Amino acid sequence: AKINKLKFSTHANYDIWLTIYLQKEFEHKKKYLSKANFRLIAPVVEEFQTIVYSRLPKSIVYFDLHRENVMKDVHGNYYILDLACTDLNYRIFDLGTYMALFCLDSKKSVKANIDVFNSVIKTYQEENKLNSYELKILPLVVKGTLASNG
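Procedures and definitions
Residues numbered from 1 in each chain as written. Predicted model: local features only at pLDDT ≥ 70, side-chain atom pairs only at ≥ 80, totals over all residues. Heavy atoms only, no water. Helix = DSSP H or I, 4+ residues; strand = E, 2+ residues; numbered from the N terminus. Buried < 20%, exposed > 50% of the residue type's maximum accessible area, 1.4 Å probe, protein only. Contact = heavy atoms within 4.5 Å. Areas by Shrake-Rupley, 256 points an atom, 1.4 Å probe, with all protein chains shown as cover. Lys, Arg positive; Asp, Glu negative; His and termini not counted. Charge placed at Lys NZ, Arg CZ, Asp CG, Glu CD. Polar contact = N/O pair within 3.5 Å; in protein donor to acceptor, adjacent residues only side chain to side chain. Axes fitted to C-alpha atoms, helices over the stretch in contact; angles between N-to-C directions. Parallel < 35°, antiparallel > 145°, perpendicular 65-115°, else oblique. Left-handed = near helix turned anticlockwise from the far one by under 90°. Nonpolar A, V, L, I, M, F, W, Y, C, P; charged D, E, K, R; others polar. Core = buried A, V, L, I, M, F, W, Y, C linked by side-chain atoms within 4.5 Å.

How should the overall build of the chain be read in this particular structure?
What the chain contains, in helices and strands, is five helices and four strands. Traced from its N-terminal end to its C-terminal end, the chain shows the element sequence α-α-β-β-β-β-α-α-α. If one aligns the C-alpha atoms of the chain with their principal axes, the spans along those axes are about 45 × 40 × 30 Å. Relative to its 150 residues, the chain shows a buried fraction of 41%. Contacts in the chain between residues at least 24 apart in sequence constitute 72% of all its contacts with a sequence separation of at least 6. Summing over all exposed atoms, the chain offers an accessible surface of approximately 9400 Å²; the carbon and sulfur share of this is 57%. Taking the average place of the 21 positive charges on the side chains of the chain and the average place of its 16 negative ones, the gap between the two points comes to 5 Å.

Written as structure tokens, this is what we have:
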């Protein structure tokens, strides 16, 4: 959440794995998907087409969240490494990526994941308030991240 408060200029990098590019990359790569994967991902891509980007605030975003770029200390604090992909973009994509790749666990119950989801939102909003539209589409962004990082 704190990275979304930073103010500095950035230079956008195109990374095919970013959730924000799910629709574009799906169009290029759908022919390579198995039928089963296509059936899983296509509805998420279709739902992405309903996102109204003008309702989403922009801020500095990290845009390269994955385990190799994050360290966790003995106290449970996370540290982000490698800021090469930072950009001025829609902050909800960073939050959705963080939740999908670091917080939610398919081995845990739905209730446990919902509790984690709500806890992360609460903690995030202590730094940055999400608008109602961001809260509405956050589950979709999480699904999109899972689809693009399958």
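Explanation requested: the environment of Lys35 in the structure shown.
Within the fold, Lys35 resides in helix 2 (residues 35-48). With a relative accessible area of 68%, Lys35 lands in the exposed category. Residues Lys35 and Phe48, spaced 13 residues apart in sequence, show a C-alpha to C-alpha distance of 20 Å.

Whenever I open this one, the environment of Asp105 confuses me. Can you help?
As for its placement among the helices and strands, Asp105 is situated in the loop between helix 3 (91-103) and helix 4 (110-127). On the accessibility criterion, Asp105 (29% relative accessible area) is partly exposed. Note: C-alpha distance between Asp105 and Ala36 (69 residues apart in sequence) is 22 Å. Of the polar contacts made by the side chain of Asp105, one reaches the backbone nitrogen of Lys107; its length is 2.9 Å.

It is not clear to me how the packing of helix 1 (residues 22-29) against helix 2 should be interpreted in this structure. Could you clarify?
The description of two packed helices rests on the angle between their axes and on the distance between the axes. Running from amino to carboxyl end, helix 1 crosses helix 2 at an angle of 140 degrees, the nearest separation of the two axes being 9 Å. As summarised for this structure, helix 1 and helix 2 are arranged oblique, according to the angle between their axes. By crossing handedness, the relation of helix 1 to helix 2 is classed as left-handed. Residues Leu22, Gln23 and Phe26 of helix 1 pack against Phe38, Ile41, Ala42, Val44, Val45 and Phe48 of helix 2. Broken down by class, the residue content of the contact of helix 1 with helix 2 amounts to eight nonpolar, one polar and no charged.

Got a minute to help me understand the packing of helix 3 against helix 4 in this structure?
Between helix 3 and helix 4, whose axes approach to 11 Å, the crossing angle comes to 140 degrees. Considering the angle they form, helix 3 stands oblique to helix 4. In this structure, the crossing between helix 3 and helix 4 has a hand that is right-handed. Residues Arg91, Leu95, Tyr98, Met99 and Cys103 of helix 3 form the contact with helix 4, whose participating residues are Asn113, Val116, Phe117, Val120, Ile121 and Tyr124. Looking at the contact of helix 3 with helix 4, its residues break down into nine nonpolar, one polar and one charged.

What is the right way to look at the nonpolar core in this model?
Nonpolar side chains tend toward joint burial in soluble globular proteins. Ile51, Leu56, Ile92, Phe93, Leu95, Met99 and Leu138 are the most contacted members of the largest nonpolar core, which has 38 residues in total. Of all elements in the fold, only helix 1, helix 2, helix 3, helix 4 and helix 5 (132-149) reach the threshold of two or more residues within this core.

For this particular structure, what's the right way to read the environment of Ile51?
Inspection of the secondary structure assignment puts Ile51 in the loop between helix 2 and strand 1 (58-61). When its relative accessible area of 8% is taken as the criterion, Ile51 is described as buried. Taking the C-alpha atoms as reference, Ile51 lies 16 Å from Leu130; in sequence the two are 79 residues apart. Beyond its immediate sequence surroundings of up to four residues, Ile51 is in contact with Leu56, Phe93, Tyr133, Ile137 and Leu140.

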